[in-house]
Amino acid sequence: MGEPISNDALDQIFLQARSHNRWLDKPVDEATLQRLVEIMAMGPTTANSLPARILFVRSPEAKKRLEPLLDATNRVKTMQAPVCAIIGYDLKFYEKLPRTFPHNQAARGWFEGNQPKIESTAFRNGSLQGAYFIIAARALGLDAGPMSGFDNAGVDREFFPDGDVKSNFLCALGHGDPSALMPRSPRLPFAEIASFV
């Protein structure tokens, strides 16, 4: 702890990692997906709120339910992937705060009854956890294909019918086919992203 990770690790997680659109015919086992979520859950969130909810769409039947809810450009690559994770966020995350933030049993009251605060906290921290999810997947040797381009309301009706969990984005997982990668798109330079005051 406290030392920079290796350049090889940085390459795997960020510098050489790519978002994949085509997949090799290699399965992803449940133990790896479980480990991925366990790692993701260690990232920081507001009051350890942990609002992300992940649904792994793996079976042919589940993929058929998802397929018509995808934009046309996302259908083939999503159906080909061994797994597609629906990254959602739970609007009732605060009910678990007595367990996840035990040193302050009043924390639930910070959110209960305040719908704008619930929604902004759940979405922000669920998005953070979605980023941790991608990093954890890459750290475990998987490739990721995160995407928007789907019918959020339709996904929510189909996969989260109780209404408490809302979909944020999708992330295909597996072992990407490097032959299908396009050249990396340029990034903005430091001066256009950050400054000092």
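Before reading further, recall that the structure is shown in the block above.
Residues numbered from 1 in each chain as written. Predicted model: local features only at pLDDT ≥ 70, side-chain atom pairs only at ≥ 80, totals over all residues. Heavy atoms only, no water.

Assigned secondary structure in the chain consists of eight helices and four strands. Across the chain, helices and strands are ordered from the amino to the carboxyl terminus as α-α-β-α-α-β-α-α-β-α-β-α. Here the C-alpha atoms of the chain give a radius of gyration of 18 Å, agreeing with the 16 Å that 2.2 N^0.38 yields for 197 residues. The C-alpha extent of the chain, read off along each of the three principal axes, is 55 × 45 × 35 Å. Across the chain, every contact between residues at least 6 apart in sequence was considered, and the portion connecting residues at least 24 apart equals 81%. About 11400 Å² of surface is accessible on the chain, with carbon and sulfur atoms providing 56% of the total. Averaging the locations of the 22 positively and 22 negatively charged side chains of the chain gives two centres separated by 1 Å. (Helix = DSSP H or I, 4+ residues; strand = E, 2+ residues; numbered from the N terminus. Rg over C-alpha atoms; globule rule 2.2 N^0.38 Å. Contact = heavy atoms within 4.5 Å. Areas by Shrake-Rupley, 256 points an atom, 1.4 Å probe, with all protein chains shown as cover. Lys, Arg positive; Asp, Glu negative; His and termini not counted. Charge placed at Lys NZ, Arg CZ, Asp CG, Glu CD.)

Empty space within the largest pocket amounts to approximately 370 Å³. Residue contributions to the lining of the largest pocket peak at four residues, all from helix H6 (residues 115-139). Of the residues assigned to the lining of the largest pocket, the class counts are nine nonpolar, three polar and four charged. (1 Å grid on protein atoms, 1.4 Å probe; cavity = no way out; pocket = protein on both sides within 12 Å on 5 of 7 lines; lining within 4 Å. Points joined across faces, edges and corners; volume = space filled by probe spheres on them. Nonpolar A, V, L, I, M, F, W, Y, C, P; charged D, E, K, R; others polar.)

The contact between helix H1 (residues 7-15) and H6 brings their axes to 9 Å, and the two run at 135°. On the basis of the axis angle, H1 is oblique to H6. Crossing geometry of H1 relative to H6 is assigned as right-handed. Along the contact surface, H1 presents Gln 12, Ile 13 and Phe 14, while H6 presents Ile 135, Arg 138 and Ala 139. In the contact of H1 with H6, the residues fall into four nonpolar, one polar and one charged. (Axes fitted to C-alpha atoms, helices over the stretch in contact; angles between N-to-C directions. Parallel < 35°, antiparallel > 145°, perpendicular 65-115°, else oblique. Left-handed = near helix turned anticlockwise from the far one by under 90°.)

Applying the stated criterion to the full structure yields seven aromatic pairs. In this structure an aromatic cluster arises from ring pairing among Phe 93, Tyr 94, Phe 101, Trp 110 and Phe 111. For Lys 117, the ring lying beneath its charged end belongs to Phe 111, and the centroid distance is 5.3 Å. (Phe/Tyr/Trp six-rings, centres within 6.5 Å; stacked < 30°, edge-to-face > 60°. Lys NZ or Arg CZ within 6 Å of the ring centre and 35° of its normal.)

A few words now on the pattern of salt bridges. Within the structure shown, the criterion is met by eight salt bridges. A salt bridge links Arg 22 to Asp 177; the nearest nitrogen and oxygen atoms lie 3.6 Å apart. Residue Arg 22 is found in the loop between H1 and helix H2 (30-40), and its partner Asp 177 is found in the loop between strand E4 (165-174) and helix H8 (190-193); the two are separated by 155 residues along the sequence. A relative accessible area of 15% places Asp 177 in the buried class. (Salt bridge = Lys/Arg side-chain N within 4 Å of Asp/Glu carboxyl O. Buried < 20%, exposed > 50% of the residue type's maximum accessible area, 1.4 Å probe, protein only.)

Pairing in this open sheet of four strands is antiparallel, and the strands run E1-E2-E4-E3 from one edge to the other. Of all the strands in the sheet, just strand E1 (52-57) and strand E3 (143-147) have a single pairing partner and so form its edges. Across the sheet, the axes of successive neighbouring strands diverge by a mean angle of 30°, strand direction being ignored. The sheet contact formed by strand E2 (residues 83-90) and E4 spans eight bridges and is antiparallel. The residue bridging Ile 86 from the neighbouring strand is Leu 170, located in E4. The strands touched by H6 are E1, E2, E3 and E4; relative to E4, the strand with the most contacts, the crossing angle is about 10°. (Pairing = 2+ DSSP bridges.)

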